[in-house]
Amino acid sequence: QVQLVESGGGLVQTGGSLRLSCAASGTIFSIDPMGWYRQAPGKQRELVASVTSGGNTNYAVSVKGRFTIPRDNAKNTVNLQMNSLKPEDTAVYSCNAGVQTSRFGFVMDYWGKGTLVTVSS
């Protein structure tokens, strides 16, 4: 009923920039929060950044000052602007959203399929 579709991954050199996009569609009453997670080979999935509908943001220490997470509530989209990329940012990045499909419904977690970001040294 709810789909998250990501785009924007790829290969970039150290110091470069990439912008990931995520669009939520389907039966949506509200979304809170929206965010990005990543999982590098051999490592656990970690939160990269999240943003509430009110604009409150949360960033992993490792990306503070380099990444931003703009969100468009009207369009149900969230982006991840990644600057000054490092090889250790290489991972599969997945969009996450806490979606309420009706006014009195529960909030359920939805995930995108993930997009690979590779930063070459």
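**Points about the overall build of the chain**
Of the regular secondary structure elements, the chain holds 0 helices and 12 strands. Counting helices and strands in the order they occur from the N terminus, the chain gives β-β-β-β-β-β-β-β-β-β-β-β. By the compact-globule yardstick of 14 Å for 121 residues, the chain fits well, its C-alpha radius of gyration being 14 Å. In the chain, buried positions account for 40% of the 121 residues. By sequence separation, contacts in the chain at least 24 residues apart represent 56% of the contacts at least 6 residues apart. Roughly 6,700 Å² of accessible area belongs to the chain as shown, and the carbon and sulfur atoms make up 50% of that amount. In the chain, 11 side chains carry a positive charge and 7 a negative one; their mean positions are 2 Å apart.

**Quick notes on the state of the cysteines**
By the definition in use, this model includes 1 disulfide. Paired by a disulfide, Cys22 and Cys95 hold their sulfur atoms 2.0 Å apart. With the S-S dihedral at roughly -80 degrees, the linkage between Cys22 and Cys95 falls on the left-handed side. Of this pair, Cys22 sits in strand β3 (residues 18-26) while Cys95 sits in strand β10 (residues 91-100), placing them 73 residues apart in sequence. An identical accessibility class is assigned to Cys22 and Cys95; each is buried.

**A look at unusual backbone geometry**
Here the residue pair Asp32 and Pro33 is connected by a cis peptide bond, since its omega of -10 degrees sits within 30 degrees of zero. Unlike most non-glycine residues, Asn76 shows phi in positive territory, near 55 degrees. Relative to the elements of secondary structure, Asn76 occurs in the loop between β8 (71-72) and β9 (77-82). Residues other than glycine seldom take positive phi values, yet Ser84 does so here, at roughly 50 degrees. Its location among the elements puts Ser84 in the loop between β9 and β10.

Calculation criteria
Residues numbered from 1 in each chain as written. Predicted model: local features only at pLDDT ≥ 70, side-chain atom pairs only at ≥ 80, totals over all residues. Heavy atoms only, no water. Helix = DSSP H or I, 4+ residues; strand = E, 2+ residues; numbered from the N terminus. Rg over C-alpha atoms; globule rule 2.2 N^0.38 Å. Buried < 20%, exposed > 50% of the residue type's maximum accessible area, 1.4 Å probe, protein only. Contact = heavy atoms within 4.5 Å. Areas by Shrake-Rupley, 256 points an atom, 1.4 Å probe, with all protein chains shown as cover. Lys, Arg positive; Asp, Glu negative; His and termini not counted. Charge placed at Lys NZ, Arg CZ, Asp CG, Glu CD. Disulfide = S-S within 2.5 Å.

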